[in-house]
Amino acid sequence: MLSETLAAFAEHRFLQYALLAGLLAAVPCGVVGSWVVIRRISYMAGGISHSVLAGLGFAHWLRTVHGVQWITPMGGAVGAALLSALIIGWVGVHLRQREDTVIGAVWSTGMALGVVFIALTPGYTTDLMSYLFGNILMVAARDLWLMAGLAGAVLVVAGLFHRQLLAVSFDAEFAELQGVAVGRFTYLLLLLTALTVVVLVSVVGIILVIALLTLPAATANLFARRLGRMMAGAVALCAAITVGGLVLSYGPDLPAGAVTILLAGAVWFAAAGLRRRTS
Amino acid sequence: MSDVITCRGLTFGYGGEPILRNVNLAIPAGDFVSVVGPNGSGKTTLLKLALGLLKPDAGTIEVFGQPPHRSRRRMGYVPQHPRLDPLFPVCALDVALMGRLGRAPLLGPWRPEDRAAALAALDEVGLADKAGDHFASLSGGQKQRVLIARALAGGPDLLLLDEPTAGLDAHIEEDFYRLLEQLNRRLTIVMVSHDLGFVAGVVRSVVCVGREVVVHPTSEVTGQVIADLYGGDVRLVRHDHRCSEEGHRC
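J.: Help me understand the sheet that holds strand β6 (residues 158-162) of chain B, please; the structure alone is not making it clear to me.
T.: Through backbone hydrogen bonds, the strands of a sheet pair up, either in parallel or in antiparallel fashion. All names here are of chain B. Pairing is mixed across the open sheet formed by six strands, whose spatial order is β5-β6-β7-β3-β8-β9. At either margin of the open sheet sits one strand with a lone partner, and together these are β5 (75-78) and β9 (213-217). Adjacent strand axes in the sheet meet at a mean angle of 20 degrees when their direction is disregarded. Of the strand pairs in this sheet, strand β3 (residues 32-36) and strand β8 (residues 205-209) are connected by four bridges, and their pairing is parallel. The residue of β8 that forms the bridge with V33 is S205. Running at roughly 145 degrees to β6, helix α1 (residues 43-51) makes contact with β3, β5, β6, β7 (188-192) and β8 of the sheet.

Here's what the structure looks like:
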């Protein structure tokens with residue numbers, strides 16, 4: 001059966017695109033996922049990823065109902081993710097209190113908006129399922145270029161400001177005394193998270209993004225004691241998990257996104273258990 | 001000798017009633033000051049005002065003759081022991097390097113001189129051989145020394161410490177004061193402290209924070225004074241400071 005799967009991957013272009021998408025997504029996923037884990041902003045990442053549905057639905061509606069062809073669903077996703085990151089960042093920097101309430105509001109109103117726009121759009125409702133749970137097999141060549149561009153931008157920016165992001169995550173007050181603009185770097189990290197979320201949405205869908213963003217990084221963190229190694233480990237794990245999910249789901253015809261997340265969860269549980277036993 | 005920290009009529013409160021009222025204080029260069037007072041009296045607040053993290057409601061505070069935020073490069077800050085994620089992926093050297101951020105360029109990797117300064121700071125606190133160790137795996141005393149190395153890496157002239165010995169064993173605490181005594185040969189030190197047991201040893205003067213803030217030379221701080229600072233009758237104390245007429249309740 002494995003040989004049949006391999007033969008299918010060798011033959012079909014959509015499967016090759018899907019593999020490439022998984023590998024491309026692994027790079028920002030491991031790097032930004034590590035920041036999300038050590039800065040403890042998984043919940044913010046969750047808010048951003050769910051609100052992406054508003055952007056996807058809005059773009060879908062504009063295209064179908066109003067014939068606005070220049071806007072793509074992925075473009076709508078980028079817009080919604082960046083907007084949510086700015087709202088959540090503003091609350092985090094300026095209000096601090098009741099941060100979780102605002103994140104919850106962004107999270108659910110974003111989803112509700114998306115559902116309304118999708119309902120207003122005639123056509124197949126299966127689109128909703130593929131937004132929510134991902135459909136890596138639908139990735140087109142144009143999406144791959146956009147994903148590569150986003151991944152590259154995220155990596156360059158994260159690399160340039162690595163020291164400041166680390167200092168702010170470790171001890172924000174001390175970083176501020178060193179002249180680091182803590183608020184600006186909080187925004188920067190959220191914007192990087194937003195772009196990464198958009199890349200990952202193509203792979204596993206809106207609902208499952210947080211798991212792929214945080215589980216490989218958390219698993220790598222169990223064994224790595226320096227951030228660089230944690231990131232390298234997270235990228236490698238993320239790549240292995242997305243490819244593994246794709247291959248395992250193909251034979252029994254299961255949804256690839258869900259199988260990918262199950263694999264990520266299983267790896268994390270196993271690693272955490274192993275770590276507990278050895279330490 | 002010139003003064004390192006000068007407060008004139010300094011008043012500060014978090015919204016309501018001021019915690020610090022009309023504080024007048026001068027800390028000379030080379031001093032080793034312990035800031036004492038009951039919980040909630042404003043010891044840490046005074047430190048944060050000196051760092052420029054808080055702004056006075058009235059009056060002024062100057063550090064090296066300038067507003068605090070302008071003198072940050074000359075200050076090294078050691079915060080209260082942070083409650084840290086035990087998996088946080090940094091080694092001792094990574095932490096010490098964070099003290100170089102104010103001097104390093106905005107972009108790019110650490111320069112060799114930053115690494116050299118951070119390693120020298122770790123060496124000074126006696127942890128050169130632990131530079132590559134996972135920060136969270138170090139003992140409480142070692143972590144506190146790494147945080148001092150982080151403060152020293154930027155080359156400060158004034159070291160500000162917030163309850164550095166909280167939670168340390170007594171014998172480790174003694175080593176710790178020896179290190180501070182050694183650093184005091186070249187730095188002015190201001191330390192917020194939760195206890196008074198050390199006073200006679202290395203500290204040169206004591207700033208007592210209560211409704212009024214007063215300075216005692218250490219030689220005049222007797223056991224009786226210490227008892228008084230925390231709620232006794234102040235009229236028994238013999239000292240030369242500028243106490244208000246009705247005394248002070250520290």
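Right, picking up where we left off after that structure.
J.: Where do I start with unusual backbone geometry in this structure?
T.: For residues besides glycine, phi is generally negative; the peptide bonds are generally trans as well. Residues and elements named next belong to chain B. In this model, N22 sits at a positive phi of 50 degrees, which is unusual for a non-glycine residue. Within the element layout of this structure, N22 appears in strand β2 (residues 20-28). Judged by the 16 C-beta atoms lying within 10 Å of it, N22 falls in the partly exposed class. Phi is positive for F64, which is not a glycine, with a value near 55 degrees. As for its placement among the helices and strands, F64 is situated in the loop between β4 (58-63) and β5. Residue class for F64 comes out partly exposed when judged on the 19 C-beta atoms lying within 10 Å of it.

J.: What is the right way to look at the sheet that holds β2 of chain B in this model?
T.: Residue and element names in this part refer to chain B. Strand order in this open sheet of three strands is β2-β1-β4, and the pairing throughout is antiparallel. Unpaired on one side and paired on the other, β2 and β4 mark the two borders of the sheet. Averaged over all pairs of adjacent strands, the angle between strand axes in this sheet comes to 10 degrees, irrespective of strand direction. Taken together, the five bridges between strand β1 (residues 3-12) and β4 define a ladder with antiparallel strand orientation. Paired with T6 across the bridge in β4 is E62. Sitting on the sheet, α1 touches β1, β2 and β4, and the angle it makes with β1 is about 115 degrees.

J.: Could you clarify how one ought to interpret the interface of chain A and chain B in this entry?
T.: In many reports, interface size means the accessible area that the parts give up when they come together. Contact with chain A, which involves 20 residues of that partner, is made by 16 residues of chain B. Elements supplying a minimum of two residues to the side of chain A that touches chain B: α8 (162-170), α9 (172-177) and α12 (227-250) of chain A. Across the side of chain A that touches chain B, the residue classes break down as eleven nonpolar, four polar and five charged.

J.: Could you clarify how one ought to interpret the environment of K130 of chain B in this entry?
T.: With respect to the helices and strands, K130 of chain B occurs in the loop between α3 (112-124) and α4 (140-153). Along the backbone, K130 of chain B and L93 of chain B are 37 residues apart, and their C-alpha atoms lie at a distance of 8.2 Å.

Definitions and cut-offs
- Residues numbered from 1 in each chain as written.
- Chains lettered and ligands numbered in written order.
- Predicted model: local features only at pLDDT ≥ 70, side-chain atom pairs only at ≥ 80, totals over all residues.
- Pairing = 2+ DSSP bridges.
- Helix = DSSP H or I, 4+ residues; strand = E, 2+ residues; numbered from the N terminus.
- Axes fitted to C-alpha atoms, helices over the stretch in contact; angles between N-to-C directions.
- Contact = placed C-beta atoms within 7 Å.
- Buried ≥ 20, exposed ≤ 12 C-beta atoms within 10 Å, placed from the backbone.
- Nonpolar A, V, L, I, M, F, W, Y, C, P; charged D, E, K, R; others polar.

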